[in-house]
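Commentary on secondary and tertiary structure
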Amino acid sequence: MTTTLRPRARGGTPVLPVPPSGSPALPVPGRRPGPGHASPSRPGRDRFLDVLRLLVMVLVVLQHWWFPVLGDGPRGLSTDSVLSVPGASAMTWVSQVMPLIFFVGGAANLISRRSASSGGVAPTTWVARRLRRLAWPVVPLAAVWLAATHLLALGGVPEQPVAVAAGAAGIVLWFLAVYVLVVVATPVLLPLQDRFGWRVAAGLFAGAAAVDLTRFATGVDGFGYANVVFVWLGVHQLGLLYGAGALRPRRAGALAAGGAVAVTALMLTGQYSPNMTGVFAMEASNAGPPTLVLAALGAVQVGAAVLLRRWITAWADRPGPARVLDGVCPKLMTVYLWHMLPVSLVAGVQVYVFGVDTPEPLTAAWLGWGLAGTAALLPLTAALACLTARFETPPAPLRGAPGTLRALAAAALVGGGLGVLVAAGLGTGWTPVLGLGAVVAGLLFTRGAHGVRAVDFPRPWHVVWPGTVRAR
């Protein structure tokens, strides 16, 4: 049996509905097909979001290869960053695209939550399902890294370079740790958006401004970590607005212009670092902790992307790009989680097998070195993603409706466990094992209570890596 979902936000347009079998795809926000015109996109799919997701992933993998500066020093592996070169921080204004993935995640969460709500699924059950999809792929990843690092230590491999690689592999989990908060907040933010619209996003960004003012006034940088909530939920809220049809080109233009003015004004105060990313940063950045400048940059990126949406979608709907997106996008979460393994392997072979240190940054030699490494890295990453993509789907026992208390406990355990893995890395010692144990315990809490029969919501599609819609 097929159904047509037509959830509406207050004053908005239908949210990426799934039409009955055999009917043309219905309009998506910002696009008005003429009579008899059917979008070539698959039903319920917005290829614009696919393109943004792919762009983010490509830039994430590339900067994790191009930004570190490695060498075999007298005390082991020496680590530096391209960003330590004067003026190199300008590159981070292009490479920092994580706001776009939170924006895409907002649109995905709106689609997923409203579909579940229309079928009578409780918010806590929806949260539990999202937590499973976020946390389960971490279990085999962490198990492989923990086993490998311990075996290498037992085999006499120098501990320091292995610890550097394991630490970098753990740091990429920060996104999932923050996204646990986003998932838990979504059932609260959606009704607020329906009632207050743009004022919710404005309120979150105002909170980010208040946090920065407090941080700079007191000189206590720890206050800035409150912006993990305000900055990332604020950008995520823009995705909810887009999914509800409230982010049309005119408002997108205003959003981009306002963000550009805010970025310029804030940077002129001299309070903010010119570095927009925490990736191998050797100084303060606007990402750790997040700042209002990062939120403003996110507004520029989102606004500009929506303004270009018509052309992006037209390109993405062509048969060639569409096939690439359909094949690659379902594996992007796998790429994100596992790509540090081939990065570490290629870097280790470069430094310890061939004895080649990273050349002087921003030189012709550095450019050639980077291109050669990229040529080796991309096929390895693609092969590994194909091999490990099976781990994206949680096993059958992780099903059921856990109830409010168990769902909240699951979120706390998963989020806390991921935070431990981010801080400790995926290396040797008991701390990473405890972090992984917390994640596994959280996953167990997402199951239905013992003795209570609960069946997963039988929808014909589900959402995976933020924004990806895939048939069962």
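Residues numbered from 1 in each chain as written. Predicted model: local features only at pLDDT ≥ 70, side-chain atom pairs only at ≥ 80, totals over all residues. Heavy atoms only, no water.

1. What about the overall build of the protein?
Across its full length, the protein carries 18 helices and 4 strands. Across the 472 residues of the protein, 51% fall into the buried class. In the protein, of all internal contacts separated by at least 6 residues, the share reaching a separation of at least 24 is 78%. As displayed, the protein has an accessible area near 20,300 Å², and 68% of this comes from carbon and sulfur atoms. (Helix = DSSP H or I, 4+ residues; strand = E, 2+ residues; numbered from the N terminus. Buried < 20%, exposed > 50% of the residue type's maximum accessible area, 1.4 Å probe, protein only. Contact = heavy atoms within 4.5 Å. Areas by Shrake-Rupley, 256 points an atom, 1.4 Å probe, with all protein chains shown as cover.)

2. Quick word on helix α9 (residues 227-243)
End to end, α9 covers 24 Å across 17 residues, agreeing with the expected 24 Å (1.5 Å per residue, within 8%). Taken across its 17 residues, α9 has 14 buried, putting it largely inside the fold. Positive phi shows up at Gly245, right after α9, with a value of about 80 degrees. (Expected span 1.5 Å × (residues − 1).)

3. Quick notes on the nonpolar core
Membership of the largest hydrophobic core comes to 116 residues, with the highest contact counts inside it found for Phe48, Phe102, Phe103, Leu173 and Leu176. Beyond its immediate chain neighbours, meaning those up to four positions away, Phe102 contacts Trp174, Phe175, Val178, Tyr179, Val182, Trp232, Val235 and His236. (Core = buried A, V, L, I, M, F, W, Y, C linked by side-chain atoms within 4.5 Å.)

4. A closer look at the packing of helix α15 (residues 340-353) against helix α16 (residues 364-388)
When two helices pack together, their arrangement is captured by the angle between the axes and the distance separating the axes. As a packed pair, α15 and α16 sit with axes 9 Å apart at the nearest point and diverge in direction by 140 degrees. As judged from the angle between their axes, α15 and α16 are oblique. Seen from above, α15 lies across α16 with right-handed handedness. Of α16, the residues touching α15 (which contributes Leu341, Pro342, Val343, Val346 and Gln350) are Trp369, Gly373, Leu377, Leu380, Thr381 and Leu384. (Axes fitted to C-alpha atoms, helices over the stretch in contact; angles between N-to-C directions. Parallel < 35°, antiparallel > 145°, perpendicular 65-115°, else oblique. Left-handed = near helix turned anticlockwise from the far one by under 90°.)

5. Some words on the pairing of strand β2 (residues 76-81)
As judged from the 6 bridges shared by strand β1 (residues 68-73) and β2, these two strands associate in the antiparallel manner. What sits directly across from Val69, in β2, is Asp80. Joining the antiparallel neighbours β1 and β2 is a turn of 2 residues. (Pairing = 2+ DSSP bridges.)

6. Digging into the pattern of salt bridges
Summed over the entire model, instances satisfying the criterion amount to 6 salt bridges. Put simply, Asp326 and Arg47 hold a salt bridge, and the shortest N to O gap is 2.7 Å. Of this pair, Asp326 sits in helix α13 (residues 319-328) while Arg47 is found in helix α1 (residues 47-66), placing the two residues 279 residues apart along the sequence. For Asp326, a relative accessible area of 25% puts it in the partly exposed group. Since its relative accessible area comes to 3%, Arg47 is described here as buried. (Salt bridge = Lys/Arg side-chain N within 4 Å of Asp/Glu carboxyl O.)

7. Brief notes about a nonpolar patch on the surface
Taken together, Val188, Leu192 and Phe196 make up a surface patch of nonpolar side chains, about 230 Å² in accessible area. Looking at the secondary structure, you find Leu192 in helix α7 (residues 174-196). (Patch = residues over 30% accessible without salt bridge, like charges linked within 9 Å, V, L, I, M, F, W, Y side chains within 5 Å.)

8. Thoughts on unusual backbone geometry
Along the chain, Gly288 connects to Pro289 via a cis peptide bond; the corresponding omega equals 0 degrees. Among the structural elements, Pro289 can be located in the loop between α10 (249-268) and α11 (292-307).

9. Concerning the packing of aromatic side chains
For any two aromatic rings, the description comes down to two numbers: the centre-to-centre distance and the angle of the planes. Summed over all chains, the structure comprises 15 aromatic pairs. When the centroid spacing of 6.3 Å and the interplanar angle of 90 degrees are considered together, the rings of Trp174 and Phe175 count as edge-to-face. Judged by relative accessible area, Trp174 falls into the partly exposed class, the value being 26%. Its relative accessible area of 0% is what places Phe175 among the buried residues. Here the aromatic rings of Phe175 and Tyr336 are separated by 5.9 Å at their centres, their planes lie at 70 degrees, and the arrangement is edge-to-face. Taken together, the positions of Phe175 in helix α7 and Tyr336 in helix α14 (residues 332-338) put the pair 161 residues apart, joining distant regions of the chain. (Phe/Tyr/Trp six-rings, centres within 6.5 Å; stacked < 30°, edge-to-face > 60°.)

10. Quick word on α7
Its axis deflected by about 50 degrees at Thr186, α7 carries its strongest bend there, up to four residues before the proline Pro187. Backbone geometry just after α7 places Gly197 at a positive phi near 60 degrees. (Bend = angle between axes of the 7 residues up to and from the residue.)

11. Considerations on the side chain of Thr381
Looking at the element boundaries, Thr381 is found in helix α16. Owing to a relative accessible area of 7%, Thr381 belongs among the buried residues under this scheme. For Thr381, the contacting residues outside a window of four places in its chain are Val335, His339 and Pro342.

12. Digging into the confidence of the model for the protein
For the protein, per-residue confidence averages 85 on the pLDDT scale, and residues scoring 70 or more make up 85% of the total. Ranking the elements of the protein by mean pLDDT puts strand β3 (residues 461-463) last, at 36, and α11 first, at 97. A low-confidence stretch, residues 1-41 stays under pLDDT 50, and its non-local contacts, those more than four residues away or across chains, total 77 contacts. Scored below 50 in pLDDT, residues 451-472 shows 69 contacts in the model against residues more than four places distant or in partner chains. (pLDDT = per-residue confidence, 0-100.)

13. Section: the packing of helix α4 (residues 123-135) against helix α17 (residues 404-424)
Between α4 and α17, the least distance of the axes is 9 Å, while the angle of their chain directions is 25 degrees. Relative to α17, α4 is oriented roughly parallel. Where α4 crosses over α17, the two elements pack in a sense that is left-handed. Here α4 contributes Thr124, Leu131 and Ala135 to the contact with α17, which in turn contributes Thr404, Ala407, Ala410, Ala411 and Val414. Split into classes, the residues belonging to the contact of α4 with α17 amount to 6 nonpolar, 2 polar and no charged. (Nonpolar A, V, L, I, M, F, W, Y, C, P; charged D, E, K, R; others polar.)

14. Some points on the environment of Ala142
Position of Ala142 among the secondary structure elements: in helix α5 (residues 138-154). A C-alpha to C-alpha distance of 9.7 Å links Ala142 and Leu337, two positions 195 residues apart in sequence. Excluding residues within four positions of it along the chain, Ala142 makes contact with Leu426 and Leu436.

15. Overview of the environment of Leu134
Mapping Leu134 onto the fold places it in helix α4. Judged by relative accessible area, Leu134 falls into the buried class, the value being 6%. Sequence separation between Leu134 and Tyr179 is 45 residues, and the spatial gap between their C-alpha atoms is 8.3 Å. Sequence-distant contacts of Leu134, that is, excluding residues within four places in its chain, are made with Leu176, Tyr179, Val180, Val183 and Met333.

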